[in-house]
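Structural features, examined
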Amino acid sequence: MKKITLLVALVVVSCFTLFAQPGKGIRWSRDGRATLKAEPQGIVATPLSGAAPTVMVPAGKYTPAGAAKALPIRDFSFSADEKKLLIYTNSKKVWRYETRGDYWLLDLTTGKLQQLGKGHAASSLMFAKLSPDGTKAAYVSEHNLYVEDLATGAIKALTTNGTRRFINGTFDWAYEEEFGCRDGFRWSPDSKSIAYWQIDATKIRDFLMINNTDSIYSFNVPVEYPVAGQSPSACRVGVVDIATADTRWMDVPGDQQQHYIPRMEWVPGKKQLIIQQLNRKQNESKIMLCDATNGKVHTLYGEKDSAWIDVKSRWDDDNIAGWDFIRNGKDFIWVSEQDGWRHLYSISTESGKATLLTPGNYDVMTIAKIDEAGGQIWFTASPDNAVQEYLYRLPLNGGKAERITPADQPGSHEYNISPYSSWAVHSFSNACMYPVSENVELPAHKSSPEVARALKQAATAGKCVEYFEVQTADGFNIGGWMRKPKNFDPAKKYPIVFYVYGEPAGATTRDVAGTGRNFLYDGDMAADGYIYASMDNRGTPLPKGRYWRKSIYRKVGVLNARDQAQAAQALMKKYAFIDPARTAVWGWSGGGSMTLNLMFQYPDIYKTGIAIAAVGNQLTYDNIYQERYMGLPEENREDFIKGSPISYARNLQGNLLYIHGTGDDNVHYQNAEMLLNELIKYNKQIQFMAYPNRTHSISEGEGTFTHLSTLYTNYLRAHCEPGAK
């Protein structure tokens, strides 16, 4: 029940390998001083210095023989010497992301353009990448791994047993959704073998969704979906020899169906793999080295947590791939919360010794770049304001962090730093300012005039939202923001609408563009006379230390709802202009669950609720997410029940609009029907809207967003009357 976001897949692979997949990251030139982008005229290089763009590869070069138009590029990548161009096109979705399509390779020296995987179904290739020596390509198609000789076009199957439920070189639904795992194979440095994941989902029950709209007769849409309390798919890692197609499996200890392997890479220059293994409860992590020649495995480093351990995607923009090696693979950079804060450590691949690099009472938010040549690490953090984000650097050997982001730019900053130069693409916004993007050279960070103008406009525009902090009856400080109505009169009373999420997958109070704006409301909430507000409870992923984030363990639906309710009471006590008789709350996914829990557990506070795509029963949600934050149902089932909205549905007193898509493969539609049954049982009257065959985003189909927005707006206006009184 992750927070709804519109993201594309981010796939980062070793710099030795040429690949092309739709990514959030920027494509860089060989010298790191220009960004590359596919334009109608071709692949264009735009220097970060401001010099005129140039066309590196004209579109005519990648126009297939006999075709009227060039290939429509979804993504692309150059080889390290910029002599080959790998093109990804004709992409299709696999669950959330467009990770299957067609691949073409252009040799810029000879002009030869060839399609990879001829004979395979259209749009069936996944994660194609060239071998480090440039002679072969590997890819996944229909759950099997293939290698293709680029000179002859000969294709060899490296696995032949792949099916929908027995998966080679990629992942099942749960691994993709909860770990961000998609690309499931890695070329060896010597180009002679490939390491890959194999996922055995044959013992996982299918959840059957019903499609009633695409044909006269309905049909099932099966998804292998392990719910909380069910063992996950079995997982193992093997190394396949390109010449023989024989696989040697790594002897990773433990029951394959009671652990996870979310990360795997080759150790630079060695016939050795490094993997991360998590136990099923995800509170014990082991870093293991695997001998690719004989499969022997030994544990290098381990840690435990009384709650859970996050994986790399949490601090690396949803990217699970890659391993931050330094000193030619003798050490790597790791992230751990073992001392109560999210810190960087250097870990030796020989001894497993961990050395703290970022001492202090603050959290590292993301790693921006590890610059071994320059002897420094660039990362983002915000020690003094948990809703903001700034760039820092420190020596590679650790020490005191130096802030690089200018002090006169309050808000949230993102940096995509070139791996080959000191240039970066810098994006900056805050709640009162639209995003601004510029190119900066680090560490000078001389900002463009556009940033200064945006800051000036934001300063003269007046407050868009106000940040506040209240203390709950339990003694915890909860921060949030509110946007007041236009022509605000503090002597009058106004309705308040709370936007909530409240789970470990997302925060709602960050100081970024869009904060204070309700994308579903058809109109101007401030002009209509609403106070719009949001607060982040304990358990949300703000940089406030481990205790803040992990105090929610085994208490999802209880602790977060209690924090929200007590904070709302404190807010209404603090500000007399809030009308307690007109208090509304809404949220999507985990926020929908929070909305239901607040409406049911605290009916005296919340009078109107709008819940979208909510988990009504935690025992229906997938095991990786739910068990990570709640434990195992066979050990503490009562916690799952206590945190589930259906356990409190009988307490509903106010107005509730509940919305769900019948084709939701994430939070299944059964949640809606289970909840409806409870409400019917206790004669609780609500308004319910099902969107036929729509997924978790409720975005498919003509007119869907307009209908959803209209429904939301009309219901809110009807049951939480706008305007001052």
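The protein is annotated in an unreviewed UniProt entry as S9 family peptidase of Chitinophaga fulva.

1. Examining the environment of Phe332
Structurally, Phe332 is set in strand E26 (residues 331-336). Those residues in contact with Phe332 that sit more than four places away from it in its chain are Ile274, Ile287, Leu300, Trp323, Asp324, Phe325, Ile326, Tyr345, Ser346, Ile347 and Thr349.

2. Some thoughts on the packing of aromatic side chains
Following the criterion strictly, the structure yields 33 aromatic pairs and no others. Note on Tyr175 and Tyr260: the rings are 5.9 Å apart at their centroids and 65° apart in plane angle, and the pair reads as edge-to-face. In this pair, Tyr175 sits in helix H1 (residues 173-179) while Tyr260 sits in strand E21 (residues 259-266), placing the two residues 85 residues apart along the sequence. For the pair formed by Tyr175 and Tyr260, the shared burial category is buried. Ring centres of Trp481 and Tyr532 lie 5.4 Å apart, and the angle between their planes is 70°; on these two criteria the pair is classed as edge-to-face. Linking Trp481 in strand E37 (residues 477-483) with Tyr532 in strand E39 (residues 531-536), this pair joins segments that are 51 residues apart in sequence. Members of the aromatic cluster, joined through ring pairs, are Phe171, Tyr175, Phe179, Trp197 and Tyr260. Sitting over the ring of Tyr390, Arg403 keeps its end group 3.7 Å from the ring centre. The aromatic ring of Trp548 is capped on one face by Lys544, whose charged end is 4.0 Å from the ring centroid.

3. So, the environment of Asn211
Within the element layout of this structure, Asn211 appears in strand E17 (residues 206-211). On the basis of relative accessible area, Asn211 is assigned to the buried category, the value being 4%. Note: C-alpha distance between Asn211 and Pro692 (481 residues apart in sequence) is 8.2 Å. Ignoring anything within four residues of it in the chain, the contact list for Asn211 reads Ser218, Phe219, Val221 and Asn693. Looking at Asn211, its side chain comes within polar contact range of the main-chain nitrogen of Thr213, at 3.0 Å. Within the structure, the side chain of Asn211 is placed 2.9 Å from the side chain of Asp214, a separation counted as a polar contact.

Parameters and conventions
Residues numbered from 1 in each chain as written. Predicted model: local features only at pLDDT ≥ 70, side-chain atom pairs only at ≥ 80, totals over all residues. Heavy atoms only, no water. Helix = DSSP H or I, 4+ residues; strand = E, 2+ residues; numbered from the N terminus. Contact = heavy atoms within 4.5 Å. Phe/Tyr/Trp six-rings, centres within 6.5 Å; stacked < 30°, edge-to-face > 60°. Buried < 20%, exposed > 50% of the residue type's maximum accessible area, 1.4 Å probe, protein only. Lys NZ or Arg CZ within 6 Å of the ring centre and 35° of its normal. Polar contact = N/O pair within 3.5 Å; in protein donor to acceptor, adjacent residues only side chain to side chain.

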